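# Residue-level structure breakdown
Residue-level listing of the chains:
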Amino acid sequence: MEPIADEIQRLQSCINDLIGVLAIPAAWSGRGSAQIVETLLNALMGMLRLDFAYAWLKDPCGESPLEVVRFAGPLDLPDNPQEMGHLLRGWLGDDSQKWPPRVRNSIRNSDVSIAPIRLGLQDEIGVIVVGSRRDDFPEATERLLLNVAANQAVMGLQETWVLSAQKRVAKELDEKVAWQTRELTAANHELKKEITERSRVEENLRQSESFLLEAQRLSHTGCWKHDASSGTVTISPEVHRIFGIKPEENSLTAEFFFSRVHPADRPGEERKYARALSAKADFESDYPIVLPDGSIKHVHNTGHPVLNDRGDIVEFVGTVVDVTEQWQARVKLEKALEEIKRLRDRLHDENLALREEITRSSMFEEIIGCSQPLRNVLVQVAKVAPTDSTVLISGETGTGKELIARAIHQRSHRSARAFISVNCGAIPHSLIASELFGHEKGAFTGAMQRRAGRFEAAEGGTLFLDEIAELPMETQTALLRVLQEREFERIGSTEPLKVDVRVVAATNRDLSSSVRNGTFRQDLFYRLNVFPIHLPSLRERADDIPLLVEYLIDRYGKRAGKNFKDIGKRTLELFQAYHWPGNIRELQNVIERAVVLSDSETFLVDESWLKRETTYESSPLASASPAADDPEKALIEAALVKSRGRVSGPSGAAARLGIPRQTLESKILRLGINKHRFKS
């Protein structure tokens, strides 16, 4: 009974496995080929207690085949599906009589039974290979299960392929329909655009025709056409107006228009038009026409032949322009030019006579005077200005050194470029290098961005360095390099910049003494002192005081809205007697103050102003000052005495000396002057 029971149990197990295999396709719905094969291999591994299972499946679209491998335990077999497939093809061979083959396992010293399952009649779908170390594998029931599984796989894969093909075809159809829909939509859109564009073109054509007629009316231009076969002339409305054609007149022939040409010009115009017809060439002509009322107009007529394929003239087209206004304007212009030429010739002689005087009196703008010391300076300016030589201007404060520098620039070939002025004494020593050469972003605290210096701003022009003696020693070194090498570096940069700048320097100090004292570089002094110009003080050019007074009274009087008819005799004597320590700048300040306070038409100055100046100049405090050996220090201390220690303000020492407050503060600090001791 036990064998029968075992057989019944085995059959029952086989039936269950068969039912399980038949039930597998239910899980394949909507799945792809890879999922079907993986599901089938997993089921077979469990049902048949396999040691491995391998599947090789073709791709219906011609892509790379699908390979899958599963293992139940450790085997000396490759786990890579491609390598496993290559190994199995070597084991299986082509002899179908030896199925299932037995393959020797070299590690476990045992054999493995291999059973292939062909998918499709000619393996057109693929193959599944299963293996087990059981000697009786595969049994008849296992082979049956494998065949059923193969059939189920074939049906499932074919169904999947058919569905995929259907989806692919449906997708292609959808894409084709969508594409055709887009094409039809685009074609419909283009058709609408074409209709709209045609309507717009027609409207534009109507507007253009209207604009053309209006343009012809405004520009006095008409168009005409002469038909060669019929001889008919067609004209635009503007031609009717130009030729004064009345409604009852017949203007369809060329003879009519020739009849309007001035009798003196008609034969020539007829010959010119005949030559154009004969030569089939363009023509252009200007002639007068006589209207029925006897008035004369001038017209400009142009024509162009239109030829057919044989080269014969079909018609002549052209334009006619009423140029009467232009002709009249040209006649007037020619008369005006004749008059201008006559006047020009007349003025030329006067210009030659006055040129020398103008040169002497006006070539230096606000440099007023005719004294010999000033003339000597102007001669030097005229000689050095056309060159590129470095100029050093020396002289007391207020003598007009910047005016001389500007005169040099304006008469040089650099006059069209910038003139940059820098007061070296008005800039803190810590910032003077950045001011002259510029700096890079982050070069020092507060350098938030790159900044170009004054040398870059003056490229191609002139840089005026006033109070050059105030430059710190390190900046003098950089300036010397610019003068020698024509290049410099921005603060915080290592890249040299080339520069083409003419340097004009000025000082109110003795640079030779500064060189001896070690506060000014000797080599820089030599580079600056190429062409020295010394400006005389106002007391050295006393002959210029009347001219300067007259000029300054006129200038400040116009600003204040006052008109002075004469200058007080005593005032002029005071001006000429005073020695003017502040030079022209002090003279300007005194005159401006007097203009503001004056209420009469005679210019007068309070005599106490100049007497007080003299008193303070000769006071014991001033003469006993230890600054007597330094003229600049003595001058500043004298101004502080007069202003009672005040530096700024209308009555401060800076205003008396005619220099900026910052400059005076810098000089006071440098010279070690205690300004507080002058306060009372």
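A short tour of the structure in this document, coming up. On a predicted model such as this, the values are computed, not experimentally measured, just so you know. (Residues numbered from 1 in each chain as written. Predicted model: local features only at pLDDT ≥ 70, side-chain atom pairs only at ≥ 80, totals over all residues. Heavy atoms only, no water.)

### Here's the deal with the overall build of the chain
- Counting its regular elements, the chain contains 23 helices and 19 strands.
- By residue count, 38% of the 680 residues in the chain fall in the buried class.
- Put simply, of all contacts in the chain between residues at least 6 apart along the chain, 61% involve residues at least 24 apart.
- By element, 53% of the accessible surface of the chain is carried by carbon and sulfur atoms, the whole surface being about 38,900 Å². (Helix = DSSP H or I, 4+ residues; strand = E, 2+ residues; numbered from the N terminus. Buried < 20%, exposed > 50% of the residue type's maximum accessible area, 1.4 Å probe, protein only. Contact = heavy atoms within 4.5 Å. Areas by Shrake-Rupley, 256 points an atom, 1.4 Å probe, with all protein chains shown as cover.)

### Considerations on the sheet that holds strand E6 (residues 221-227)
- The strand order across the open sheet built from five strands is E7-E6-E10-E9-E8, with neighbouring strands paired in antiparallel fashion. Here the strands that pair on one side only, and so sit at the sheet edges, are strand E7 (233-235) and strand E8 (283-290). Strand after strand, the sheet turns through a mean of 25° between neighbouring axes, direction not considered.
- As paired elements, E6 and strand E10 (residues 313-322) share seven bridges and run antiparallel to each other. Looking across to E10, one finds that cysteine 223 is bridged to threonine 319.
- Contacts between helix H7 (residues 266-279) and the sheet are confined to E6, E8 and E10, with E8 contributing the most and set at about 150° to the helix. (Pairing = 2+ DSSP bridges. Axes fitted to C-alpha atoms, helices over the stretch in contact; angles between N-to-C directions.)

### Section: the environment of histidine 439
- With respect to the element layout, histidine 439 can be found in the loop between helix H11 (429-437) and helix H12 (454-457).
- In sequence terms histidine 439 and glutamine 449 are 10 residues apart; their C-alpha atoms lie 8.3 Å from each other.
- Look past the residues within four positions of histidine 439 in its chain and what remains in contact with it is Ser434, Phe444, Ala447, Gln449, Arg450, Arg451, Arg490 and Ile491.

### Observations regarding the pairing of strand E9 (residues 296-307)
- As paired elements, E8 and E9 share eight bridges and run antiparallel to each other. Among the inter-strand pairings, tyrosine 287 is bridged to a residue of E9, identified as valine 299.
- Connecting the antiparallel pair E9 and E10 is a turn made up of five residues, with glycine 311 showing a positive phi of about 90°.

### A short note on the sheet that holds strand E13 (residues 462-466)
- Sheet architecture is open: five strands sit in the order E12-E13-E16-E11-E17, paired in parallel fashion. Here the strands that pair on one side only, and so sit at the sheet edges, are strand E12 (419-423) and strand E17 (531-534). Shown here is a sheet whose adjacent strand axes are inclined to one another by a mean of 20°, direction ignored.
- Examined bridge by bridge, E12 and E13 share five bridges and lie parallel to one another. Residue isoleucine 420 lies in a different strand from E13, and its bridge partner there is leucine 463.
- Running over the sheet, helix H10 (residues 401-410) touches strand E11 (391-394), E12, E13, strand E16 (502-507) and E17 and is turned about 155° from E11.

### Notes on helix H23 (residues 661-671)
- Three or more residues of H23 are buried, namely Thr663, Leu664, Lys667, Ile668 and Leu671. Looking straight down H23, one finds that the buried residues subtend no more than 135° of arc, so they occupy a single side.
- Along its buried surface, H23 packs onto E12, helix H21 (631-642) and helix H22 (653-657). (Arc of directions from axis to C-beta.)

### Points about the packing of aromatic side chains
- Counting across every chain of the model gives 15 aromatic pairs.
- Relative to phenylalanine 283, the ring of tyrosine 273 lies with its centre 5.5 Å away and its plane at 75°, an arrangement referred to as edge-to-face. Pair noted here: tyrosine 273 is in helix H7 and phenylalanine 283 is in strand E8, with a separation of 10 residues, a long-range link. With respect to burial, tyrosine 273 and phenylalanine 283 carry one shared label: buried.
- The residue whose ring lies beneath arginine 593 is tryptophan 609, and the NZ or CZ to ring-centre distance is 4.6 Å. (Phe/Tyr/Trp six-rings, centres within 6.5 Å; stacked < 30°, edge-to-face > 60°. Lys NZ or Arg CZ within 6 Å of the ring centre and 35° of its normal.)

### Considerations on the packing of helix H16 (residues 545-560) against helix H18 (residues 583-597)
- One way to put it is that H16 packs onto H18 with a least axis distance of 9 Å and a crossing angle of 45°. Here H16 is positioned oblique relative to H18, judged by the angle of their axes. The crossing of H16 and H18 is right-handed. Of H18, the residues touching H16 (which contributes Leu548, Val549, Leu552, Ile553, Arg555, Tyr556, Gly557 and Ala560) are Ile584, Leu587, Gln588, Ile591, Glu592 and Val595.
- For the contact of H16 with H18, the per-class residue count stands at 10 nonpolar, two polar and two charged. (Parallel < 35°, antiparallel > 145°, perpendicular 65-115°, else oblique. Left-handed = near helix turned anticlockwise from the far one by under 90°. Nonpolar A, V, L, I, M, F, W, Y, C, P; charged D, E, K, R; others polar.)

### Topic: the pattern of salt bridges
- Following the criterion strictly, the structure yields 31 salt bridges and no others.
- For the salt bridge of arginine 198 with glutamate 194, the shortest nitrogen-to-oxygen distance reads 3.6 Å. On the criterion of helical spacing, the pair formed by arginine 198 and glutamate 194 is a turn pair, its members being four residues apart in helix H4 (residues 140-219).
- Judged by its relative accessible area of 52%, arginine 198 is exposed.
- With its nearest N and O atoms 2.7 Å apart, the salt bridge here joins aspartate 523 to arginine 521.
- Taking relative accessible area as the criterion, aspartate 523 reaches 29% and is therefore assigned partly exposed.
- Each member of the salt-bridge network shares a partner with another, and the members are Glu238, Arg241, Lys297 and Asp322. (Salt bridge = Lys/Arg side-chain N within 4 Å of Asp/Glu carboxyl O.)

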